[in-house]
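Residue-level structural notes
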Amino acid sequence: MNSEGSSGSEAVSLESGRLWVLEDGLFVTDAGNIFGDTGGRKVKIRGAMHSVLYEGRDGLVLLDAGFGPQVPERLSGRYEIRRETSLPEAVEKAGHSPQDISLIVLSHLDPDHVGWALHSEVFSGARVVVQRDALEEARAMPEGDGRKLAVPFVERGMESGRFRLLDGDSEVAANVRVEVRAGHSEGHQIVWIGDEVLFSADLAPSRIFLDPDLIAGVDTDPEAARRNRIEVLSEAERTGAMVVLYHEPKSPLVTVKKGEKGFEATPVE
């Protein structure tokens, strides 16, 4: 593989095609929204949104879709978006039109992963796939929950044929394989591009979560999150796959190896 750059408009050359790690800005939120109880302390944290664009034999595939044009109204005040480049603009900087994307894979239905995919006019040529279990979980959430906000968009997309539900592991395009790894949410799916790239989504969203013992307050099944994180990152180390850390603000494309505590990341330059 030949890396011409790990983020932005530069492509990473793979045996099966090319890959771009694209930005959709940063979100800022209270730490409690991610880690749960902070003991009454008001601590702000930030996280990036780095989707992946893959160009392979079946065309252009996008992995996850940022927050969309703006934070959903019901989440306003909890999250703030800061961006210089939006995801559709990042696609264009990579030399492609958003309308040319043929498939969008959603890891799960959190609003910071699905936003632009819910706006059919932006990626008008794309089919969208998500796990059935992710939709069922979202339907059962209380009103106002971030995942539930996506439900009517997904249901309308299913009626029009734009959205398709998956039931378990599947090859969704040439060299693009989804694998269900719950823990953060039901039906949470990671994506492998051959054996060369792992898109870990919210299973291991940033460097700090390369420590399997660090569990987010929003993980629905902490033990499953820990077990799946160890298994998936161990497989990435074994195969030498590059790992995309969706929420890592800097150097989101890394390789991993086991360290004294969890896994250590080395940026792909």
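Residues numbered from 1 in each chain as written. Predicted model: local features only at pLDDT ≥ 70, side-chain atom pairs only at ≥ 80, totals over all residues. Heavy atoms only, no water.

1. Some words on the overall build of the protein
Looking only at helices and strands, one finds six helices and 16 strands in the protein. Within the protein, buried positions represent 55% of all 269 residues. Looking at the protein alone, contacts between residues at least 24 apart form 63% of all its contacts between residues at least 6 apart. On the protein, roughly 11600 Å² of surface is accessible, and the fraction owed to carbon and sulfur atoms is 44%. The centroid of the 30 positive side-chain charges in the protein is displaced by 3 Å from the centroid of its 46 negative side-chain charges. (Helix = DSSP H or I, 4+ residues; strand = E, 2+ residues; numbered from the N terminus. Buried < 20%, exposed > 50% of the residue type's maximum accessible area, 1.4 Å probe, protein only. Contact = heavy atoms within 4.5 Å. Areas by Shrake-Rupley, 256 points an atom, 1.4 Å probe, with all protein chains shown as cover. Lys, Arg positive; Asp, Glu negative; His and termini not counted. Charge placed at Lys NZ, Arg CZ, Asp CG, Glu CD.)

2. Here we look at the packing of aromatic side chains
Under the counting rule described, the total for this entry stands at four aromatic pairs. Between the aromatic rings of F27 and F67, the centroid separation amounts to 6.4 Å while the plane-to-plane angle is 85°, which identifies the pairing as edge-to-face. Taken as a pair, F27 in strand β3 (residues 18-30) and F67 in the loop between β5 (59-63) and β6 (79-82) lie far apart in primary sequence, 40 residues in all. Exposure remark for F27: the relative accessible area of 5% places this residue in the buried category. Since its relative accessible area comes to 3%, F67 is described here as buried. (Phe/Tyr/Trp six-rings, centres within 6.5 Å; stacked < 30°, edge-to-face > 60°.)

3. Describing the environment of D219
Relative to the elements of secondary structure, D219 occurs in the loop between β13 (197-199) and α6 (222-239). Looking at D219, the relative accessible area reads 8%, which means it is buried. For the pair D219 and S185, spaced 34 residues apart in sequence, the C-alpha to C-alpha distance is 6.4 Å. Every residue in contact with D219, bar those within four places of it in the chain, is listed here: G183, H184, A225 and R229. A distance of 2.8 Å separates the side chain of D219 from the side chain of H184, its partner in a polar contact. (Polar contact = N/O pair within 3.5 Å; in protein donor to acceptor, adjacent residues only side chain to side chain.)

4. What to know about the sheet that holds β13
The mixed open sheet is built from seven strands, whose spatial order is β10-β11-β12-β13-β14-β15-β16. Of all strands in the sheet, those with a lone pairing partner are β10 (170-173) and β16 (263-267), marking the two edges. Across the sheet, the mean angle separating the axes of adjacent strands is 35° when strand polarity is ignored. Here strand β12 (residues 189-193) pairs with β13 via three bridges, running antiparallel. Looking across to β13, one finds that W192 is bridged to L198. Lying over the sheet, α6 contacts β11 (176-180), β12, β13, β14 (242-244), β15 (253-258) and β16, oriented at roughly 100° with respect to β15. (Pairing = 2+ DSSP bridges. Axes fitted to C-alpha atoms, helices over the stretch in contact; angles between N-to-C directions.)

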